[in-house]
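These are the residues of each chain, in order.
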Amino acid sequence: GESVGLHLPTLSVQEGDNSIINCAYSNSASDYFIWYKQESGKGPQFIIDIRSNMDKRQGQRVTVLLNKTVKHLSLQIAATQPGDSAVYFCAEGAGGSYIPTFGRGTSLIVHP
Amino acid sequence: GAVVSQHPSWVICKSGTSVKIECRSLDFQATTMFWYRQFPKQSLMLMATSNEGSKATYEQGVEKDKFLINHASLTLSTLTVTSAHPEDSSFYICSASWDHEKLFFGSGTQLSVL
């Protein structure tokens, strides 16, 4: 079946820098995308979502960009903090029937 | 935000015994609950989808007789690992949804089978 994948398994940044985590998806029918954050030993936590009728959505310190032409999704974290250190997953859904498919995940390491 | 409680957070058991993991949506009614398995440094692998009052839908390769799922109410789903063996040791995570879009996850259960 089609899948969601990530470009970079590990991203190391300095505290205060901006972070960009990327995700490629292959299901052209996907119309709903979510980013989750998973801290060590815990369940994933919802960060932000975006629908396919948008190409950008902003939250608190986070922005999700969607490029449907190249099937690419990114999560931007502004002024990255040590508490942002975690694994980030993107997930996709289609047609209102959301059975989430998770990519590999990107480990974000923030150095103080 | 919506809260999903998962219990226990960790369990150690002997090979051959069964272990039950509970997943509760505390402040909303979950029409659908999902069970995942996660190995260290790997992604979440969907095991099954359960809807209240009906049989769970298992993903390919997941043994339904091994991983029994019960979704008896809109706020509770349970996963029972029957006759557990060391290869069943893993991190199990549940999630719940009311709108078939956003998922809210439990804190996970680390199962260690000796």
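Residues numbered from 1 in each chain as written. Chains lettered and ligands numbered in written order. Predicted model: local features only at pLDDT ≥ 70, side-chain atom pairs only at ≥ 80, totals over all residues. Heavy atoms only, no water.

Chemist: Quick rundown of the overall build of chain B? Include the residues and the values.
Modeler: When helices and strands are tallied, chain B shows zero helices and 11 strands. Overall, chain B shows an N-to-C arrangement of helices and strands of β-β-β-β-β-β-β-β-β-β-β. The globule rule puts the C-alpha radius of gyration for 114 residues at 13 Å, and the 13 Å found for chain B is close to it. Burial statistics for chain B: of 114 residues in total, 51% are counted as buried. Here chain B has roughly 5,600 Å² of accessible surface; of this, 53% comes from carbon and sulfur atoms. A gap of 6 Å separates the mean positions of the 9 positive and 10 negative side-chain charges of chain B. (Helix = DSSP H or I, 4+ residues; strand = E, 2+ residues; numbered from the N terminus. Rg over C-alpha atoms; globule rule 2.2 N^0.38 Å. Buried < 20%, exposed > 50% of the residue type's maximum accessible area, 1.4 Å probe, protein only. Areas by Shrake-Rupley, 256 points an atom, 1.4 Å probe, with all protein chains shown as cover. Lys, Arg positive; Asp, Glu negative; His and termini not counted. Charge placed at Lys NZ, Arg CZ, Asp CG, Glu CD.)

Chemist: With reference to specific residues and values, describe the pattern of salt bridges.
Modeler: Tallying each qualifying case throughout the model produces six salt bridges over all chains. Salt-bridge contacts for Glu 39 of chain A lead to Lys 42 of chain A; the nearest nitrogen and oxygen are separated by 3.5 Å. For Glu 39 of chain A, a relative accessible area of 26% corresponds to the partly exposed category. In this structure, Lys 66 of chain B and Asp 88 of chain B form a salt bridge, with 2.7 Å as the shortest nitrogen-oxygen distance. One end of the pair, Lys 66 of chain B, is in the loop between strand S6 (57-58) and strand S7 (67-73); the other, Asp 88 of chain B, is in the loop between strand S8 (76-81) and strand S9 (90-97), with 22 residues separating them in the sequence. Residue Asp 88 of chain B is classed as buried on the basis of its relative accessible area of 5%. Because the salt bridges share partners, they merge into one network encompassing Lys 37, Glu 39 and Lys 42 of chain A. (Salt bridge = Lys/Arg side-chain N within 4 Å of Asp/Glu carboxyl O.)

Chemist: I'd like a rundown of the pairing of strand S5 (residues 45-51) of chain A, residues and numbers included.
Modeler: Residues and elements named next belong to chain A. Relative to S5, strand S4 (residues 32-38) is paired through six bridges, and the arrangement is antiparallel. Bridging from a neighbouring strand, Trp 35 pairs with Ile 48 of S5. A loop of six residues connects S4 with S5, the two strands running antiparallel in sequence, and Gly 41 in this loop sits at a positive phi of about 75°. (Pairing = 2+ DSSP bridges.)

Chemist: I'd like to hear about the layout of surface pockets, residue by residue, with values.
Modeler: Within this model, the largest pocket holds a volume of roughly 560 Å³. Lining the largest pocket are 22 residues; nearest its centre among them are Val 87 of chain A together with Gln 38, Pro 40, Lys 41 and Gln 42 of chain B. Only strand S9 (86-94) and strand S11 (106-111) of chain A together with S9 of chain B provide two or more residues apiece to the lining of the largest pocket. The dominant element in the lining of the largest pocket, judged by the number of residues it contributes, is S9 of chain A, at three residues. Partitioning the lining of the largest pocket into residue classes produces seven nonpolar, 12 polar and three charged. (1 Å grid on protein atoms, 1.4 Å probe; cavity = no way out; pocket = protein on both sides within 12 Å on 5 of 7 lines; lining within 4 Å. Points joined across faces, edges and corners; volume = space filled by probe spheres on them. Nonpolar A, V, L, I, M, F, W, Y, C, P; charged D, E, K, R; others polar.)

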